[in-house]
Amino acid sequence: MKRLINQAPSKMTNMFLGLLPFLLILVVYMGSSNARLAENPNDKLLPSIEKCIGSMSKMAFEKSKRSGDYILLNDTLSSLRRLAMGVCISALFALVIGIAIGVVPYLTSTLSPLIWFFSLIPTMAILPILFIVFGLGELSKVVLIILGVAPIMTREIYQRVKEIPSEQIIKVQTLGANTWQIITRVMIPQIFPRLIDAIRITLGTAWIFLISAEAIAATEGLGYRIFLVRRYLAMDVILPYVIWITFLAFLIDFILKQFNQRLFPWFGKE
Amino acid sequence: MNLVEAHNIWKSYGDTIVLEHVNFSMKDGEFCTLVGPSGCGKTTFLRMLLGIEVPSKGKLLFEGKDYPQEPSDERGIVFQRYSTLSHLNVIDNVIIGMEFEQSQLFGKLFGKAKKRVYEKAEEILCAVGLQDAKYQYPHELSGGMKQRLSIAQSLIKQPKLLLLDEPFGALDPGISIDMHELLLDIHAKLNFGVVMVTHDISEAFKLGTRVLVFDKVKTDKEYPNRFGSTIVNDIDSSKGRKNEK
């Protein structure tokens with residue numbers, strides 16, 4: 001008998017094993033849901049799958065009586081807009097500052113303790129300050145994402161800059177490059193795919209801040225919606241919404257990964 | 001005038017003395033190979049010639065003037081690894097030296113100017129045997145081809161001194177022999193100064209016009225860092241080199 005560490009499943013088994021836990025969860029859910037509904041047809045905690053689909057299609061395909069919008073579409077668009085703004089501004093900040101402090105020692109001395117300090121602040125703790133300073137509008141939600149994500153991303157980019165082999169930097173100096181040319185021709189092109197990776201890593205955190213900010217003060221958005229319907233114990237809306245948010249997160253990650261592989265075939269190879 | 005002159009150079013890190021009493025001078029066209037046991041400071045000496053280390057004591061001169069304190073395009077370098085830019089293909093790796101020179105702001109050339117440097121780069125790629133790999137990326141090249149590319153990058157700048165830090169140390173023996181041919185050929189044509197660190201003695205004698213042996217003269221068993229290395233032997237190997245050719 002081979003050692004356990006040397007036994008690998010075949011392709012089919014691999015796929016089946018991957019799906020198995022999901023199927024199990026589904027079966028357990030359906031079983032418990034049926035049992036509860038048999039006891040009390042009005043049970044809200046574990047709604048049947050048909051009920052979830054029904055409520056979700058109402059959200060997705062019927063115009064709201066109050067505002068005349070498609071609720072799901074409206075929520076998704078406004079959440080994604082906030083997320084995109086927060087993440088893009090953070091990425092731009094991280095690219096500029098991360099490279100600057102990675103390349104210029106004087107800037108490292110000046111800025112890196114500050115960035116380090118900001119990355120340690122529990123961002124949710126300053127949400128009240130943001131609401132006071134920026135009001136309850138869009139700005140404070142975007143700023144919350146930026147404050148939560150930009151310092152981590154900057155530190156990440158700084159680390160990646162430091163990982164570029166010093167031989168390469170010395171080599172381009174012997175080819176006559178000045179500091180600015182090293183930044184534009186070597187650092188930025190080499191760091192860009194790493195920035196995309198940094199975005200992928202920090203997106204999870206960005207979602208947390210987005211949902212939190214929407215839960216506290218918003219009039220539309222995915223996070224707003226699930227916290228709103230929580231009052232009516234509407235699990236038939238919350239559960240599909242969570243799955244939808246997870247799917248969006250997966251989709252964004254997948255697109256960014258493809259983007260990196262297509263555009264930077266050299267990335268990650270020596 | 002001597003290309004490089006070193007007068008009584010010392011290098012120490014804290015209590016550790018790496019180099020002591022190093023006296024050395026070389027002229028244009030000389031091919032100096034540095035050999036010696038590992039940890040004897042030959043790479044430290046090369047790094048001084050590159051301009052990224054400063055001697056603790058003594059005087060180091062480049063063309064009779066104070067030694068530059070940072071790398072410049074007068075002195076090319078080929079490291080054992082990581083000398084090429086992974087995000088550029090072969091020919092763009094070669095022209096980048098010209099782009100830095102001709103486009104201060106962007107470091108990038110377009111149109112006619114780019115065409116001109118491409119022509120020059122193609123000549124150099126032919127000289128190093130990479131003419132068929134123009135559009136490949138470094139990760140698609142073999143170890144020997146990467147080193148050819150790194151040499152080509154430096155050649156386009158026509159350096160006065162080419163520094164080689166164990167450039168063939170990671171290559172297969174057969175490939176190294178091809179690289180020796182290439183290096184001897186280029187050196188014979190262009191006649192610039194070369195300083196090469198190697199751990200392969202036969203390579204040192206085959207390529208060098210001078211072989212410099214680094215080692216410690218005195219040792220102290222209790223404090224092995226008490227004494228540094230120096231050049232213990234300076235062998236003229238130009239005759240053997242010509243006979244072999």
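Everything here concerns the structure above.
Just so you know, these numbers come straight off a predicted model, no measurement behind them. (Residues numbered from 1 in each chain as written. Chains lettered and ligands numbered in written order. Predicted model: local features only at pLDDT ≥ 70, side-chain atom pairs only at ≥ 80, totals over all residues. Heavy atoms only, no water.)

The next subject is the overall build of chain A. A tally of regular secondary structure across chain A gives ten helices and zero strands. Secondary structure elements in chain A, listed N-terminal to C-terminal, are α-α-α-α-α-α-α-α-α-α. Relative to the 2.2 N^0.38 estimate, which gives 18 Å for 270 residues, the radius of gyration of chain A is 24 Å and therefore markedly larger than a compact globule would have. Overall size of chain A, expressed as C-alpha extent along the three principal axes, is 80 × 65 × 30 Å. The long-range share in chain A, meaning contacts at least 24 apart out of those at least 6 apart in sequence, stands at 69%. When the accessible surface of chain A is summed, it comes to about 15,700 Å², and 70% of that surface belongs to carbon and sulfur atoms. Between the averaged position of the 26 positive side-chain charges in chain A and that of its 16 negative side-chain charges there is a distance of 4 Å. (Helix = DSSP H or I, 4+ residues; strand = E, 2+ residues; numbered from the N terminus. Rg over C-alpha atoms; globule rule 2.2 N^0.38 Å. Contact = heavy atoms within 4.5 Å. Areas by Shrake-Rupley, 256 points an atom, 1.4 Å probe, with all protein chains shown as cover. Lys, Arg positive; Asp, Glu negative; His and termini not counted. Charge placed at Lys NZ, Arg CZ, Asp CG, Glu CD.)

Right, let's talk about the packing of helix 6 (residues 138-163) of chain A against helix 8 (residues 179-216) of chain A for a bit. Packed helices, taken two at a time, are described by the angle their axes make and the gap between the axes. Residues and elements named next belong to chain A. Packing of helix 6 against helix 8 brings their axes to within 8 Å, and their N-to-C directions diverge by 150 degrees. Judged by the inter-axis angle, helix 6 sits roughly antiparallel to helix 8. Pair helix 6 / helix 8 crosses with right-handed handedness. Taken together, the residues of the contact of helix 6 with helix 8 break down into 17 nonpolar, three polar and five charged. (Axes fitted to C-alpha atoms, helices over the stretch in contact; angles between N-to-C directions. Parallel < 35°, antiparallel > 145°, perpendicular 65-115°, else oblique. Left-handed = near helix turned anticlockwise from the far one by under 90°. Nonpolar A, V, L, I, M, F, W, Y, C, P; charged D, E, K, R; others polar.)

This brings us to the environment of Thr123 of chain A. Residue and element names in this part refer to chain A. Tracing the backbone shows Thr123 in the loop between helix 4 (105-120) and helix 5 (127-134). Sequence separation of Thr123 and Gly148 is 25 residues, and the distance between their C-alpha atoms is 5.5 Å. When residues no more than four places from it in sequence are discounted, the contact partners of Thr123 are Leu144, Leu147, Gly148 and Phe209.

The subject of this paragraph is the pattern of salt bridges. Counted under the stated rule, the structure contains 23 salt bridges over all chains. Residues Arg47 of chain B and Glu53 of chain B are paired through a salt bridge, measuring 3.4 Å at the closest nitrogen-oxygen approach. A salt bridge links Asp185 of chain B to Lys189 of chain B, with the nearest nitrogen and oxygen atoms 3.4 Å apart. Taken as a pair, Asp185 of chain B and Lys189 of chain B lie in helix 5 (residues 173-190) at a separation of four residues, close to a single helical turn. It is possible to trace a salt-bridge network through shared partners that takes in Arg82, Glu138, Lys141, Glu214 and Glu220 of chain A. (Salt bridge = Lys/Arg side-chain N within 4 Å of Asp/Glu carboxyl O.)

Moving on: a nonpolar patch on the surface. Residues and elements named next belong to chain A. Taken together, the side chains of Leu114, Trp116, Phe117, Phe118 and Leu120 define a hydrophobic patch exposed on the protein surface, amounting to about 540 Å² of accessible area. Mapped onto the secondary structure, Leu114 falls in helix 4. Taking the relative accessible area as the measure of exposure, Leu114 reaches 45% and is therefore partly exposed. (Patch = residues over 30% accessible without salt bridge, like charges linked within 9 Å, V, L, I, M, F, W, Y side chains within 5 Å. Buried < 20%, exposed > 50% of the residue type's maximum accessible area, 1.4 Å probe, protein only.)

Before going further, it helps to spend a moment on the packing of helix 3 (residues 71-103) of chain A against helix 4 of chain A. All names here are of chain A. Look at helix 3 against helix 4: their axes get within 6 Å of each other, and the N-to-C directions meet at 130 degrees. When the axes of helix 3 and helix 4 are compared, the pair comes out oblique. Contacts between helix 3 and helix 4 involve Phe93, Ile97, Ala100, Ile101 and Val103 on the former and, on the latter, Pro105, Leu107, Thr108, Leu111, Ser112 and Ile115. Here the contact of helix 3 with helix 4 is composed, by residue class, of nine nonpolar, two polar and no charged.

Okay, helix 4 (residues 143-155) of chain B next. Each turn of an α-helix holds 3.6 residues, which means side chains three or four residues apart point in the same direction. Compared with the 18 Å implied by 1.5 Å per residue over 13 residues, the 19 Å span of helix 4 of chain B between its first and last C-alpha is a close match. Most of helix 4 of chain B sits inside the fold, with eleven of its 13 residues counted as buried. Within helix 4 of chain B, burial applies to Gly144, Lys146, Gln147, Arg148, Leu149, Ser150, Ile151, Ala152, Gln153, Ser154 and Leu155 of chain B. Among the structural elements, helix 7 (166-174) of chain A together with strand 6 (75-78), helix 2 (90-102), helix 3 (111-128), strand 7 (161-165) and helix 5 of chain B are those in contact with the buried residues of helix 4 of chain B. (Expected span 1.5 Å × (residues − 1).)

Counting across every chain of the model gives ten aromatic pairs over all chains. Both rings, one in Trp266 of chain A and one in Phe267 of chain A, keep their centres 6.3 Å apart while their planes meet at 90 degrees; by these two values the pair is edge-to-face. Judged by its relative accessible area of 22%, Phe267 of chain A is partly exposed. Members of the aromatic cluster, connected to one another through ring pairs, are Phe192, Phe259, Phe264, Trp266 and Phe267 of chain A. The ring of Phe62 of chain B has Arg75 of chain B lying over it, and the distance from NZ or CZ to the ring centre is 5.4 Å. When the ring centre of Phe227 of chain B is taken as origin, the NZ or CZ atom of Arg226 of chain B, which lies over that ring, is 5.1 Å away. (Phe/Tyr/Trp six-rings, centres within 6.5 Å; stacked < 30°, edge-to-face > 60°. Lys NZ or Arg CZ within 6 Å of the ring centre and 35° of its normal.)

So, about helix 5 of chain A. All names here are of chain A. For helix 5, the full list of buried residues reads Leu127, Leu130 and Phe131. For helix 5, the arc enclosing every buried residue in end-on projection is 100 degrees, short of the 170-degree limit, so these residues lie on one face. Exposed and facing more than 90 degrees away from the buried side of helix 5 are Ile132 and Val133. Here the buried face of helix 5 lies against helix 6 and helix 8. Just past helix 5, the residue Gly135 takes up positive phi, approximately 80 degrees. (Arc of directions from axis to C-beta.)

Residues and elements named next belong to chain B. Looking at chain direction, strand 1 (residues 4-13) and strand 2 (residues 16-26) are connected through seven bridges and run antiparallel. Looking at strand 2, one finds that Ser12 is bridged to Ile17. By the bridge criterion, five bridges tie strand 1 to strand 4 (residues 57-62) in an arrangement that is antiparallel. Paired with Trp10 across the strands is Lys57, a residue of strand 4. (Pairing = 2+ DSSP bridges.)

Such coordinate-based values are descriptive only and should not be taken to indicate function.
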